Amino acid sequence: MDPIVTTLDIARPPDEVYAVATDPTRFAQWQSDVIRVETDQPAPLPVGARFTTIRRIGGVERAIAQQVAEATRPYRWAARSQSGPIRPSATIAIEPIDGGAGSRVTFTLDYVGHGIGVPLLPLVRRLTRRGAPASYRRLKQLLESGPG
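Residues numbered from 1 in each chain as written. Predicted model: local features only at pLDDT ≥ 70, side-chain atom pairs only at ≥ 80, totals over all residues. Heavy atoms only, no water.

Considerations on the environment of Ile 4
Tracing the backbone through its elements, the reader meets Ile 4 in strand β1 (residues 4-10). Since its relative accessible area comes to 6%, Ile 4 is described here as buried. With 56 residues separating them along the chain, Ile 4 and Val 60 place their C-alpha atoms 23 Å apart. Ile 4 has contacts with Phe 107, Thr 108, Leu 109, Tyr 111, Arg 125, Thr 128 and Arg 129, leaving out every residue within four places of it along the chain. (Helix = DSSP H or I, 4+ residues; strand = E, 2+ residues; numbered from the N terminus. Buried < 20%, exposed > 50% of the residue type's maximum accessible area, 1.4 Å probe, protein only. Contact = heavy atoms within 4.5 Å.)

Rendered as structure tokens:
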């Protein structure tokens, strides 16, 4: 299946967008299903750093262990899970627009199922297609309403 790709423009420079969008400890501020994130390192997390996102999925808390796979500030960041029945991967690509005053942000989400996760993939993708755009709008609002 194809990854889920969403692009939006945010009226903030790439550095500001990158600082918020790629900081796992801030995910709960803009992703409604995130309860908290656990990591033993301060942001920005370097490539190889691990973090665990606790999400409420279908009314149940689920811990998803992930690792930073790419961190090219302020343009690209990626994290991947390498355990569990459903393994998400997320990439955030940021390009400057409006002479660097704004950012075009592209979110790419994909999932790999293992074992019992394989038959659950269509449901997970459906939930993501429904919920992710609202999270991206919250990120945009968070960034654009904050201090410059």
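Notes on the nonpolar core
Among the nonpolar cores identified, the biggest contains 31 residues, and Phe 51, Trp 77, Phe 107 and Leu 139 are the most heavily contacted of them. Elements with a minimum of two residues in this core: β1, α1 (14-21), α2 (27-30), β2 (34-38), β5 (76-80), β6 (86-97), β7 (102-113) and α3 (117-145). No other element matches α3, which puts six residues into this core. Apart from residues no more than four positions distant in its own chain, Trp 77 is found in contact with Tyr 18, Thr 22, Pro 24, Phe 27, Phe 51, Val 68, Glu 70, Ala 71, Ala 90, Thr 91 and Ile 92. (Core = buried A, V, L, I, M, F, W, Y, C linked by side-chain atoms within 4.5 Å.)

Observations concerning the packing of aromatic side chains
Here a ring pair, both rings aromatic, is described through the centre-centre distance and the interplanar angle of the planes. By the definition in use, this model includes six aromatic pairs. An aromatic cluster of at least three residues, connected via ring pairs, comprises Phe 27, Trp 30, Phe 51, Trp 77, Phe 107 and Tyr 136. (Phe/Tyr/Trp six-rings, centres within 6.5 Å; stacked < 30°, edge-to-face > 60°.)

Some words on the packing of α1 against α3
Interhelical geometry of α1 versus α3 gives an angle of 125 degrees and a closest axis separation of 11 Å. Taken together, the axis directions place α1 and α3 in an arrangement best described as oblique. At the point where α1 passes α3, the crossing takes the right-handed sense. For the pair α1 and α3, contact is made by Glu 16, Val 17, Val 20 and Ala 21 and by Leu 139, Leu 142 and Leu 143, respectively. The class makeup of the residues in the contact of α1 with α3 is six nonpolar, no polar and one charged. (Axes fitted to C-alpha atoms, helices over the stretch in contact; angles between N-to-C directions. Parallel < 35°, antiparallel > 145°, perpendicular 65-115°, else oblique. Left-handed = near helix turned anticlockwise from the far one by under 90°. Nonpolar A, V, L, I, M, F, W, Y, C, P; charged D, E, K, R; others polar.)

Some remarks on a nonpolar patch on the surface
On the surface, Ile 116, Leu 120, Leu 123 and Leu 127 cluster together into a nonpolar patch covering about 350 Å² of accessible area. In this structure Ile 116 comes out as exposed when scored by relative accessible area, which is 63%. (Patch = residues over 30% accessible without salt bridge, like charges linked within 9 Å, V, L, I, M, F, W, Y side chains within 5 Å. Areas by Shrake-Rupley, 256 points an atom, 1.4 Å probe, with all protein chains shown as cover. Salt bridge = Lys/Arg side-chain N within 4 Å of Asp/Glu carboxyl O.)

Here we look at the side chain of Asp 23
In this structure, Asp 23 sits in the loop between α1 and α2. Comment: no salt bridge for buried Asp 23; closest opposite-charge side chain is Arg 26, at 5.0 Å. A polar contact of 2.6 Å, which involves the side chain of Asp 23, links it to the side chain of Thr 25. Apart from the residues lying within four places of it in its own chain, the contact partners of Asp 23 are Tyr 18 and Ala 43. (Lys, Arg positive; Asp, Glu negative; His and termini not counted. Polar contact = N/O pair within 3.5 Å; in protein donor to acceptor, adjacent residues only side chain to side chain.)

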